[in-house]
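# Observations on chain architecture
Okay, here's what each chain looks like letter by letter:
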Amino acid sequence: MAKKNNLFNKMRKNIIKKNEDAILDLTEPTIWAHSGNYVLNHILSGKFSKGYPAGRITQIFGDSGAGKSYLTAKAIAEAQQDGYMVAVIDSEQAVSQDYLMKIGVDINPDMLMTVQCQTVEQTQDMLLEVLIGVKEEQKTLGNKTELKLMLIVDSLGALTSGKALANAEAGHHAADMGTKAKALTNMFNQIVQKVGITDTVCIMTNHGAMEVGVMFPQMKPKGGQSPEFMPSISLRVTKGKIKASDLAELEYMYKDGIPKHLGALGIVARIELYKSRFTRPFRKVLLMIPYDFGLPEYAGAFDYLKDNGIIVKGDRQGWYNFPDLPLDKDFARKQFIRDGYADMIMEHMLKHEEEGYMYDFIMKSHEDVEREQSEKGDTISEEINDSVK
């Protein structure tokens with residue numbers, strides 16, 4: 001066994017003297033902010049009991065109208081219930097008091113600050129102002145848990161660079177030529193450590209764009225390489241519309257029955273874990289977000305648990321059971337939330353997680369599925385050609 005050497009301890013002391021912000025230990029998030037939905041928690045963190053990590057950057061990118069801003073607003077409402085102060089940087093002029101209040105956000109200016117920004121450089125300045133201010137206040141308080149911050153940027157996609165804005169205002173309509181991507185790289189480099197030092201829950205939304213010139217294009221975040229590399233978690237969101245037939249387990253919420261005459265009752269947010277440093281990527285879920293009720297905490301849970309073998313088919317067609325805690329009688333999809341089965345199953349699973357168990361599901365990405373289907377089609381074509389010969 002090698003002899004102990006105090007060299008590293010001496011180095012650590014010298015490093016701290018030169019830079020009090022230096023982080024000398026391996027770090028894992030100890031605080032997680034509830035997303036407002038148990039399945040989304042699991043997609044983000046690999047745990048139904050967690051959610052958005054403190055001290056890390058989470059990116060939500062994808063289609064227009066897919067629920068990105070809604071998911072951040074839902075996160076704000078949940079975080080405020082846990083004592084977080086929230087700062088929102090809005091680049092889309094889309095945040096309104098009525099909208100936030102309907103979702104349950106406390107708009108008291110002591111708990112919520114909103115700032116309008118147009119350029120990446122302005123956003124960087126605002127982020128640094130908030131993060132440095134919180135760091136100093138935490139230092140005064142002597143405890144980071146006394147002041148908890150959630151930071152929202154909505155969105156990176158709508159920001160422009162200072163140079164592009166100056167050119168436009170001067171009447172020069174030159175192409176961007178990468179100035180925004182460079183500015184975003186600088187912004188991320190400036191804030192990523194400060195987010196970690198202050199244990200800030202940082203969520204950024206972004207636009208998505210399809211790759212060009214590849215056989216199996218996928219949607220990626222806009223803004224160059226930094227939105228790909230810097231966030232610890234990236235969610236890719238696409239959209240659909242809710243039809244009456246999609247709302248079987250949420251039917252109980254409509255006192256007068258589901259209004260089937262309406263063409264769309266809400267949006268379906270198709271969420272995929274594009275990147276994660278905490279759990280397996282490519283987990284995916286369909287979250288029903290009805291216009292009338294917003295995102296229920298058990299939305300998507302029935303299919304997610306069924307697809308991953310947590311709940312299984314019962315003795316009769318269309319009936320189900322929970323093998324980890326066998327029930328006396330099976331339940332139907334409509335009964336899952338309404339009759340308390342979701343509460344009972346989730347309570348058991350959360351207790352299981354507290355004891356150290358991890359529900360670790362392996363899932364394929366949309367690209368994997370498309371590739372397999374394409375390869376299968378190629379194989380069938382080859383077999384037909386062989387048979388013709």
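Our structure is the block above this text.
Residues numbered from 1 in each chain as written. Predicted model: local features only at pLDDT ≥ 70, side-chain atom pairs only at ≥ 80, totals over all residues. Heavy atoms only, no water.

Regarding its fold elements, the chain presents twelve helices and 14 strands. Out of the 389 residues in the chain, the part that is buried amounts to 45%. At a minimum sequence separation of 6, the contacts of the chain that also span at least 24 residues come to 68%. When the accessible area of the chain is evaluated, it comes to approximately 21000 Å², of which 51% is carbon and sulfur surface. Of note, the chain has its 47 positive side-chain charges centred 5 Å away from the centre of its 53 negative side-chain charges. (Helix = DSSP H or I, 4+ residues; strand = E, 2+ residues; numbered from the N terminus. Buried < 20%, exposed > 50% of the residue type's maximum accessible area, 1.4 Å probe, protein only. Contact = heavy atoms within 4.5 Å. Areas by Shrake-Rupley, 256 points an atom, 1.4 Å probe, with all protein chains shown as cover. Lys, Arg positive; Asp, Glu negative; His and termini not counted. Charge placed at Lys NZ, Arg CZ, Asp CG, Glu CD.)

A separate point is empty space enclosed by the protein. Within the structure shown, the criterion is met by one cavity of 30 Å³ or more. There is about 70 Å³ of room inside the largest cavity. (1 Å grid on protein atoms, 1.4 Å probe; cavity = no way out; pocket = protein on both sides within 12 Å on 5 of 7 lines; lining within 4 Å. Points joined across faces, edges and corners; volume = space filled by probe spheres on them.)

Our focus in this paragraph is the sheet that holds strand β13 (residues 319-321). Sheet strands line up and pair through hydrogen bonds in the backbone, either parallel or antiparallel. Strand order in the open sheet formed by three strands is β12-β13-β14, and the pairing between neighbours is antiparallel. What marks the edges here is a single partner per strand, and that holds for β12 (312-313) and β14 (331-332). Relative to β14, β13 is paired through two bridges, and the arrangement is antiparallel. Within β14, the position partnered with tyrosine 320 by the bridge is phenylalanine 331. (Pairing = 2+ DSSP bridges.)

This part takes up the layout of surface pockets. In this model, the largest pocket occupies a volume close to 670 Å³. In terms of lining residues, the largest pocket is bounded by 33 residues, among which Gly67, Ser69, Tyr70, Tyr99 and Ile103 are the most central. Elements supplying a minimum of two residues to the lining of the largest pocket: α3 (68-81), α4 (97-103), β6 (149-154), β7 (201-210) and β11 (284-290). With seven residues, α3 is the single largest residue contributor to the lining of the largest pocket. Residues belonging to the lining of the largest pocket are distributed by class as follows: 16 nonpolar, ten polar and seven charged. There is about 550 Å³ of room inside the second largest pocket. (Nonpolar A, V, L, I, M, F, W, Y, C, P; charged D, E, K, R; others polar.)

Residue position: valine 95 is located in the loop between β4 (85-90) and α4. With near-sequence residues (within four places) excluded, valine 95 lies in contact with Val88, Asp90, Leu100 and Thr114.

As a further point, take the packing of aromatic side chains. The geometry of an aromatic ring pair comes down to the distance between the two centres and the angle between the two planes. Following the criterion strictly, the structure yields eleven aromatic pairs and no others. The interplanar angle of 75 degrees and the centroid separation of 4.8 Å between the aromatic rings of tyrosine 357 and tyrosine 359 together place this pair among those described as edge-to-face. Put simply, the rings of Phe302, Tyr320, Phe331, Phe336 and Tyr341 touch in pairs and so form one group of aromatic residues. One cation-aromatic arrangement involves arginine 316 over tryptophan 319; the distance from NZ or CZ to the ring centre is 4.1 Å. (Phe/Tyr/Trp six-rings, centres within 6.5 Å; stacked < 30°, edge-to-face > 60°. Lys NZ or Arg CZ within 6 Å of the ring centre and 35° of its normal.)

This part is about the environment of isoleucine 191. Among the secondary structure elements, isoleucine 191 is positioned in helix α7 (residues 179-197). Those residues in contact with isoleucine 191, other than ones at most four positions away along the chain, are Ile57, Leu127, Leu128, Leu131 and Met204.

For helix α5 (residues 120-141), built from 22 residues, the straight-helix expectation of 32 Å at 1.5 Å per residue is met to within 8% by its first-to-last C-alpha distance of 31 Å. Every buried residue of α5 is accounted for by Val120, Thr123, Gln124, Leu127, Leu128, Val130, Leu131, Val134, Lys135 and Gln138. Next to the buried residues of α5 lie β4, β5 (112-116), β6, α7 and β7. Residue glycine 142 follows α5 closely and has a positive phi angle near 80 degrees. (Expected span 1.5 Å × (residues − 1).)

With that out of the way, let us pick up the nonpolar core. Judged by nonpolar contacts, the single largest core of 70 residues is most densely connected at Phe48, Tyr52, Met150, Leu235, Ile271, Phe331 and Phe336. At seven residues, α3 tops the list of elements feeding residues into this core. Core analysis: the next-biggest nonpolar cluster, separate from the first, contains 25 residues, Val115, Leu128, Val130 and Ile191 among them. (Core = buried A, V, L, I, M, F, W, Y, C linked by side-chain atoms within 4.5 Å.)

As a further point, take the pairing of strand β9 (residues 233-241). In the sheet, strand β3 (residues 56-62) pairs with β9 via five bridges, with the strands oriented parallel. Among the inter-strand pairings, glycine 62 is bridged to a residue of β9, identified as valine 237. Of the pairings in the sheet, the one linking β9 to strand β10 (residues 266-276) comprises nine bridges and is antiparallel in character. Note that in β10 the partner of serine 234 across the bridge is lysine 275.

Now for the environment of glutamine 225. Looking at the element boundaries, glutamine 225 is found in the loop between β8 (219-221) and α8 (226-229). The exposed category is assigned to glutamine 225, whose relative accessible area is 53%. Residues glutamine 225 and leucine 184, spaced 41 residues apart in sequence, show a C-alpha to C-alpha distance of 9.1 Å.

This paragraph deals with the side chain of glutamine 59. Along the chain, the position of glutamine 59 falls in strand β3. Under the relative-accessibility criterion, glutamine 59 is labelled buried at 1%. Here the side chain of glutamine 59 touches asparagine 206 through a polar contact of 3.1 Å, side chain to side chain. Setting aside residues no more than four positions away along its own chain, glutamine 59 makes contact with Leu156, Met204, Asn206, Pro221, Pro227, Pro231, Ile233, Ser234 and Leu235. (Polar contact = N/O pair within 3.5 Å; in protein donor to acceptor, adjacent residues only side chain to side chain.)

That's the geometry; what it means functionally is another story.
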